[in-house]
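Examination of the molecular architecture
Given next are the chains, with one letter for each unit.
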Amino acid sequence: MSNKLYEKMNLYLANQEVNYLKLLNLHWYVKGRSFFTLHSRLEELYGHTASVIDSVAERLLALGESPVANMQSALNAATIKERSDTPISSDETVELLITDIRYWINDTQEIVRLAEEAGDGVTADQFNDYLGEYQKLLWMLESYVS
Ligand SMILES: [Fe+2]
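Cut-offs used in this document
- Each chain has its residues counted from 1, running along the sequence as written.
- Totals for whole chains, interfaces and linings use all residues, but because this is a predicted model, local features are given only for residues with pLDDT of at least 70 and pairs of side-chain atoms are given and counted only at 80 or more.
- Values reported for side chains reflect all heavy atoms of the structure, with hydrogen atoms and water molecules removed beforehand.
- Runs of H or I in DSSP of at least four residues are treated as helices and runs of E of at least two as strands, each being numbered from the N terminus.
- Given the number of residues in a helix, its expected span is that number minus one, multiplied by 1.5 Å.
- Contacts were defined at the residue level, with two residues in contact if any of their heavy atoms lie within 4.5 Å.
- Lines fitted to C-alpha atoms define the axes here, with helix axes fitted over just the stretch in contact, and angles between the N-to-C directions of these axes take values from 0 to 180 degrees.
- Working rule for handedness: look at the near helix, and if it is turned counterclockwise from the far one by less than a right angle, call the crossing left-handed; if clockwise, right-handed.
- All residues other than Ala, Val, Leu, Ile, Met, Phe, Trp, Tyr, Cys, Pro, Asp, Glu, Lys and Arg, Gly among them, are scored as polar; the first ten of these are nonpolar and the last four charged.
- UniProt positions are given in the numbering used here, feature names are shortened, and annotations may be inferred rather than shown by experiment.
- Each angle gets one of four labels, with under 35 degrees taken as roughly parallel, over 145 as roughly antiparallel, 65 to 115 as roughly perpendicular, and the rest as oblique.

For the α-helix, the turn length of 3.6 residues means that residues three or four positions removed from each other point alike. The terminal C-alpha atoms of helix H2 (residues 35-62), which comprises 28 residues, lie 40 Å apart, in line with the 40 Å expected from a rise of 1.5 Å per residue. In this fold, the buried residues of H2 make contact with helix H1 (3-29), strand S1 (30-31), helix H4 (90-117) and helix H5 (121-145). Looking at the residues trailing H2, positive phi occurs at Gly64, about 85°.

In structure tokens:
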């Protein structure tokens, strides 16, 4: 009944695992006048992502599912785009983050919907928390560039 939910949660997990390294990439390669702000903000973001990865995996385990826990499987499944090991300007970094955060908002909303359909309020609540954090982050990033 809720296999679709579990599959989607595992895909979300795979994408977040790839996203973790992508945020480190930006943390290391960001250049320009906003370096200090973005460098430290990105550190908070990959820290937050690590805790999302852990709690999504542990929720899957609590539901009797097997979370994706190796990079090869994560990369095979993941749909988010990685970036190359090259410098990136502050403006491009913020643009990329805004694009990715919009993606996370849609993806997170989709899981909330599936969890609600499956009558799984605990999973819905967990992802609603992420949703609120991503919406706040989007507001902050858009304020930063406007
Ligand atoms: Fe660092």
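Moving on, we get to the packing of H1 against H5. As a packed pair, H1 and H5 sit with axes 14 Å apart at the nearest point and diverge in direction by 35°. Helix-helix and strand crossings are classified by hand; for H1 and H5 the assignment is left-handed. Along its contact with H1, which presents Met9, Tyr12 and Gln16, the element H5 presents Thr123, Phe127, Tyr130 and Tyr134. Across the contact of H1 with H5, the residue classes break down as five nonpolar, two polar and no charged.

Turning our attention to the UniProt feature "domain: Ferritin/DPS" (unreviewed entry) in the protein. Here the UniProt-annotated "domain: Ferritin/DPS" (unreviewed entry) positions come out as residues 8-145. With 80% helix and 3% strand, residues 8-145 has its two end C-alpha atoms placed 32 Å apart.

With that settled, the discussion passes to the packing of H2 against H4. Taken N-terminus to C-terminus, the directions of H2 and H4 make an angle of 30°; their axes are 10 Å apart at the nearest point. In terms of orientation, H2 and H4 fall into the roughly parallel class. For H2 against H4, the interelement crossing comes out left-handed. Only Ser90, Thr93, Val94 and Leu97 of H4 make contact with H2, whose side of the interface consists of Phe35, Leu38, Leu42 and Leu45. Of the residues contributing to the contact of H2 with H4, the split by class is six nonpolar, two polar and no charged.

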